[in-house]
Amino acid sequence: MQADDRRTRTAVRVVYLGQSASMRELAAWAARHGVLAADTVDDGVICGVIDQDLLHSDDPLLHRLREKHLPCLTVSRGWCFLASAIGQGVRPVA
């Protein structure tokens, strides 16, 4: 099995909603630590990080995150959540 295949199947994934500079910075930092961005809400997704202006939108991904009872975090809370997860030894890549 290729390393990329293992990574895709075992990695922690996060749904990012929004295009703010702070969102892009968080997503880039998380990617450097092995967290993958997800385009859908499926197995492996641990939370959604949502720009403040989209928290009350009708975005289908936001609805799906809420249906699955996954945390929907602002960017600042996303930093805390992901840093804590990585710091506690959550190793997103096998």
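Check the entry above for the structure.
Rules used in this analysis
- Starting from 1, residues in each chain are numbered consecutively following that chain's sequence as written.
- Residues qualify for local features only when their pLDDT is at least 70, as the model is predicted, and side-chain atom pairs are given and counted only at 80 or more; totals for whole chains, interfaces and linings, by contrast, use all residues.
- Computation of side-chain values: all heavy atoms of the structure, hydrogens and water removed.
- In this text, helices come from DSSP runs of H or I with a minimum length of four residues, and strands from runs of E with a minimum of two, each type numbered from the N-terminal end.
- Buried means the residue's accessible area, taken with a 1.4 Å probe over protein chains only, is under 20% of the maximum for its type, while exposed means over 50%, and partly exposed covers the values in between.
- For this analysis, residues touch if any pair of their heavy atoms sits within 4.5 Å.
- In these notes, a set of buried Ala, Val, Leu, Ile, Met, Phe, Trp, Tyr and Cys residues joined through side-chain atoms within 4.5 Å is what counts as a nonpolar core.
- Here a helix's expected span is defined as the number of its residues, less one, multiplied by 1.5 Å.
- The arc refers to the directions leading from the helix axis to the C-beta atoms.
- Here the positive residues are Lys and Arg and the negative ones are Asp and Glu; neither His nor the chain ends is included.
- Any Lys or Arg side-chain nitrogen found within 4 Å of a carboxyl oxygen on Asp or Glu counts as a salt bridge.

1. Some points on the overall build of the protein chain
- Summing up its helical and strand segments, the protein chain has four helices and four strands in all.
- Beginning at the N terminus, the succession of helices and strands in the protein chain can be written as α-β-α-β-β-α-β-α.
- By residue count, 37% of the 94 residues in the protein chain fall in the buried class.
- Of the contacts formed within the protein chain by residues at least 6 apart in sequence, a portion of 68% connects residues at least 24 apart.

2. Focus: the nonpolar core
- Val14, Tyr16, Leu26, Val49 and Leu82 are the most contacted members of the largest nonpolar core, which totals 13 residues.
- Within the residue set of this core, elements represented by two or more residues are strand 1 (13-17), helix 2 (21-32), strand 3 (45-50) and helix 4 (75-87).
- Per-element tally for this core: the top contributor is helix 2, with four residues.
- Ala38, Val45, Leu65 and Leu70 belong to the second largest nonpolar core, which has 10 residues in total.

3. A short note on helix 2
- With 12 residues, helix 2 extends 17 Å between its outermost C-alpha atoms, agreeing within 8% with the 16 Å of an ideal straight helix rising 1.5 Å per residue.
- Those residues of helix 2 lying buried are Met23, Leu26, Trp29 and Ala30. The buried residues of helix 2 occupy an angular sector of 130° when the element is viewed end-on, so they sit on one face. Among the exposed residues of helix 2, those oriented more than 90 degrees off its buried face are Ala21 and Arg32.
- The elements touched by buried residues of helix 2 are strand 1, strand 3 and helix 4.
- The positive-phi residue at the C-terminal boundary of helix 2 is Gly34, with phi of around 95°.

4. What to know about the environment of Met23
- Within the secondary structure layout, Met23 lies in helix 2.
- Remark: the alpha-carbon pair of Met23 and Ser76, spanning 53 residues in sequence, is separated by 9.1 Å.
- Excluding its chain neighbours within four sequence positions, the residues that come into contact with Met23 are Tyr16, Leu17, Gly18, Val49, Ile50, Asp51 and Val75.

5. Examining the side chain of Asp51
- Inspection of the secondary structure assignment puts Asp51 in the loop between strand 3 and helix 3 (60-67).
- Nearest to the buried, unbridged Asp51 among oppositely charged side chains is Arg24, at 7.4 Å.
- Ignoring sequence-local partners within four residues, the contact set of Asp51 consists of Leu17, Gly18, Gln19, Ser20, Met23 and Val75.

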